[in-house]
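# Topology and contacts: notes
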Amino acid sequence: GDSVTQTEGLVTLTKGLPVMLNCTYQTTYSPFLFWYVQHLNEAPKLLLKSSTDNKRTEHQGFYATLHKSSSSFHLQKSSVQLSDSALYFCALSGSLLSGSFNKLTFGAGTRLAVCP
Amino acid sequence: EAAVTQSPRNKVAVTGGKVTLSCNQTNNHNNMYWYRQDTGHGLRLIHYSYGAGSTEKGDIPDGYKASRPSQENFSLILELATPSQTSVYFCASGDALGLGGYEQYFGPGTRLTVL
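Predicted model, so just to flag it, every value in this text is computed and none were measured.

All right, on to the overall build of chain B then. A count of helical and extended segments in chain B gives zero helices and eleven strands. Mapped from its N terminus to its C terminus, chain B presents α and β elements in the order β-β-β-β-β-β-β-β-β-β-β. Relative to the 2.2 N^0.38 estimate, which gives 13 Å for 115 residues, the radius of gyration of chain B is 13 Å and therefore close to what a compact globule would have. The dimensions of chain B, computed from C-alpha atoms along their principal axes, are 45 × 30 × 25 Å. Across chain B, every contact between residues at least 6 apart in sequence was considered, and the portion connecting residues at least 24 apart equals 53%. Summing over all exposed atoms, chain B offers an accessible surface of approximately 5,200 Å²; the carbon and sulfur share of this is 49%. Chain B carries 9 positive and 9 negative side-chain charges, and their two centres are separated by 10 Å.

Before going further, it helps to spend a moment on the interface of chain B and chain A. If you look at the interface, chain B gives 23 residues, while chain A gives 22 residues. Surface buried jointly by chain B and chain A totals about 1,800 Å² across both partners, of which 58% is contributed by carbon and sulfur atoms. Looking at the side of chain B facing chain A, the largest losses of area belong to B:Leu43, B:Tyr102 and B:Phe106, adding up to 25% of the total buried there. Scanning the region where chain B abuts chain A turns up one salt bridge. B:Glu103 is the salt-bridge partner of A:Lys49, the closest N and O atoms lying 2.6 Å from each other. Viewed at the interface, chain A and chain B are joined by three residue pairs in polar contact (both at pLDDT 80 or more).

We now examine the state of the cysteines. On inspection of all chains with the given rule, the structure shows two disulfides over all chains. The disulfide bridge from A:Cys23 ends at A:Cys90, spanning 1.9 Å between sulfur atoms. On the sign convention where negative means left-handed, the S-S torsion of about -60 degrees between A:Cys23 and A:Cys90 marks this disulfide as left-handed. Remark: A:Cys90 occurs in strand 10 (residues 86-94) and A:Cys23 occurs in the loop between strand 3 (19-21) and strand 4 (24-26); sequence separation between them is 67 residues. Of the two residues examined, A:Cys23 and A:Cys90, each falls in the buried class. Between the sulfur of B:Cys23 and that of B:Cys91 lies a disulfide, 1.9 Å long from S to S. Between B:Cys23 and B:Cys91 the sulfur-sulfur dihedral comes to about -80 degrees; the bridge is accordingly left-handed.

Cut-offs used in this document
Residues numbered from 1 in each chain as written. Chains lettered and ligands numbered in written order. Predicted model: local features only at pLDDT ≥ 70, side-chain atom pairs only at ≥ 80, totals over all residues. Heavy atoms only, no water. Helix = DSSP H or I, 4+ residues; strand = E, 2+ residues; numbered from the N terminus. Rg over C-alpha atoms; globule rule 2.2 N^0.38 Å. Contact = heavy atoms within 4.5 Å. Areas by Shrake-Rupley, 256 points an atom, 1.4 Å probe, with all protein chains shown as cover. Lys, Arg positive; Asp, Glu negative; His and termini not counted. Charge placed at Lys NZ, Arg CZ, Asp CG, Glu CD. Buried area = accessible area lost by both parts, 1.4 Å probe. Salt bridge = Lys/Arg side-chain N within 4 Å of Asp/Glu carboxyl O. Polar contact = N/O pair within 3.5 Å; in protein donor to acceptor, adjacent residues only side chain to side chain. Disulfide = S-S within 2.5 Å. Buried < 20%, exposed > 50% of the residue type's maximum accessible area, 1.4 Å probe, protein only.

Quick look at the structure:
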C-alpha cells in the first residue's frame, strides 16, 4: 500500500535561517503530493500541492519540488519566521488508477519550532 | 472558502458510554472523512464516505461506526467508548483534483477524553 515517511520529528531553528523538511513516499501509481500545516490547536490547512514531476510549487514563502525519480517532496523555506512554528504533514493521494485516489495517506508529521 | 464544522469541540465521556461526534460541511463535496490525531502517529483515517448513505472503513475502524445521512452531515459513533479512544478527532471533506487525487478541507477538531 501507499506510505509517506517524514524522518524528522522535531526541527528547531533560529528565525531567519533556511529549513528543509523531508518527505519521501511509496506508491505504485502516479502520485499527488501535499503539504499541510497545523498551528497549535487549529485544523490542518493545505500549504502546497503537486503532481507534476520536477516542477517547483510555491505558497506563502514555502516551496517544494516533486521528484518522482527519488520519490521525494521536501518542503523548504529560505528564511523561517516565528509564525512558521507549527506541525507540518506530508500527504499522498493516488491517481484515478489507484485504489487510493480519494484518500490521503499522511506522514507522521514534523514539528518546526522557530526560536527568536 | 471551504467550511467544515464539528460538534462538540470538547467532550468528556465515561468508559462504556456512547459518544457521537458530528460534522457538517457546506462545500457540497461528495467525500467526507474522519481521522484521529495522536502524537507520533499523525492523522489516521477511521471511516470515510463517498456520499449520502455510504460509509467505508478506513485504516483503523475498530471500535467506531460512521453514519452519512445527508450530503452535508457525517457522524462518528463510539458505541462503547474506551480510554484508548481518547484523542483529537478531525472531520474533513474532499474535492477531486482533475485527473485524480483529492484535496481535503479539515474541520477544527474535537478533543475527546474517555475516563
